[in-house]
Amino acid sequence: MKRPDLNFDRMALGALLVGALIGMAALAGIISPQDPIQQDLSFSLFSPSAYHPFGTDALGRDVLARVLYSARVSLPVAAFATLLATLIGTAFGLAAGVSGGRTDHLLMRAVDLALAFPTLVLLLVLASLYRTDHVVHLIFLLGLTTWMPMARLVRTEALSLSRQPFVEAAAGLGATPLRRALRHLLPNVGSTILVTATLLVGEMMLM
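All figures in this text were calculated on a predicted structure; none of them were measured in a lab.

Chemist: Could you give an account of the packing of aromatic side chains, naming the residues involved and the relevant values?
Modeler: Following the criterion strictly, the structure yields 2 aromatic pairs and no others. Between the aromatic rings of phenylalanine 92 and tryptophan 147, the centroid separation amounts to 4.6 Å while the plane-to-plane angle is 40 degrees, which identifies the pairing as tilted. Within this pair, whereas phenylalanine 92 is found in helix 3 (residues 63–99), its partner tryptophan 147 is found in the loop between helix 6 (135–143) and helix 7 (148–162), the two being separated by 55 residues in sequence. Assessed through its relative accessible area of 26%, phenylalanine 92 is described here as partly exposed.

Chemist: Lay out the nonpolar core in plain terms, naming residues and giving numbers.
Modeler: Ala81, Ala85, Val111, Leu142, Trp147 and Met204 are the most contacted members of the largest nonpolar core, which totals 19 residues. With 7 residues, helix 3 is the single largest residue contributor to this core. Apart from residues no more than four positions distant in its own chain, alanine 85 is found in contact with Gly143, Thr146, Trp147, Met150, Leu200 and Met204. Listed in part, the 12 residues of the second largest apolar core include Leu94, Val154, Leu161 and Ile193.

Chemist: For the pattern of salt bridges, give the residues involved together with the corresponding values.
Modeler: Applying the stated criterion across every chain yields a total of 4 salt bridges. Across the salt bridge formed by arginine 66 and aspartate 57, the nearest N and O atoms sit 3.9 Å from each other. When the shortest N-O distance is used, the salt bridge between arginine 155 and aspartate 104 registers 2.7 Å. Here aspartate 104 lies in helix 4 (residues 101–115) and arginine 155 lies in helix 7, a separation of 51 residues in the sequence.

Cut-offs applied
- Residues numbered from 1 in each chain as written.
- Predicted model: local features only at pLDDT ≥ 70, side-chain atom pairs only at ≥ 80, totals over all residues.
- Heavy atoms only, no water.
- Phe/Tyr/Trp six-rings, centres within 6.5 Å; stacked < 30°, edge-to-face > 60°.
- Helix = DSSP H or I, 4+ residues; strand = E, 2+ residues; numbered from the N terminus.
- Buried < 20%, exposed > 50% of the residue type's maximum accessible area, 1.4 Å probe, protein only.
- Core = buried A, V, L, I, M, F, W, Y, C linked by side-chain atoms within 4.5 Å.
- Contact = heavy atoms within 4.5 Å.
- Salt bridge = Lys/Arg side-chain N within 4 Å of Asp/Glu carboxyl O.

Structure (structure tokens):
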């Protein structure tokens, strides 16, 4: 008897939940016809009811409507910011892992320097210096301040793989560092990158 694939079941459940969240955000006006920014102090802090399924906030605004409409901004911003952070972190990590030696040392010291600043404090400082009134600015701000953990993780995996016989054989046959990184290292660290990026999306939304 074939054993059930638990990993597939978890992936299917995760995809279903994400799809449901995206669908609810897209159909926000149908699911909750309330105006998310309309204030009515006579409905302040109402408990959940049929008319306000999630209740209301201190200003009498419908919480469900605010959650659904805010997801239209939070989801794309988190997704694109995560994509940007993943691309930068992966590039740094692969470059450090495949090069080794002095290049690896210099790149990792740059990552350590960036990690020395608390992310939220850095975000607040940068937000006060640069405009964040557009989602594109917010995406770049988040992406450019959160790529360092991805870089360290990818570098660790790439450095370990660089010592494997198949990578050393490719180097012996004359494969350039770029080819080794893209052809041999990146496919083998893809699952790690995917899992880390998935967790990073939630952190982006919280930030």
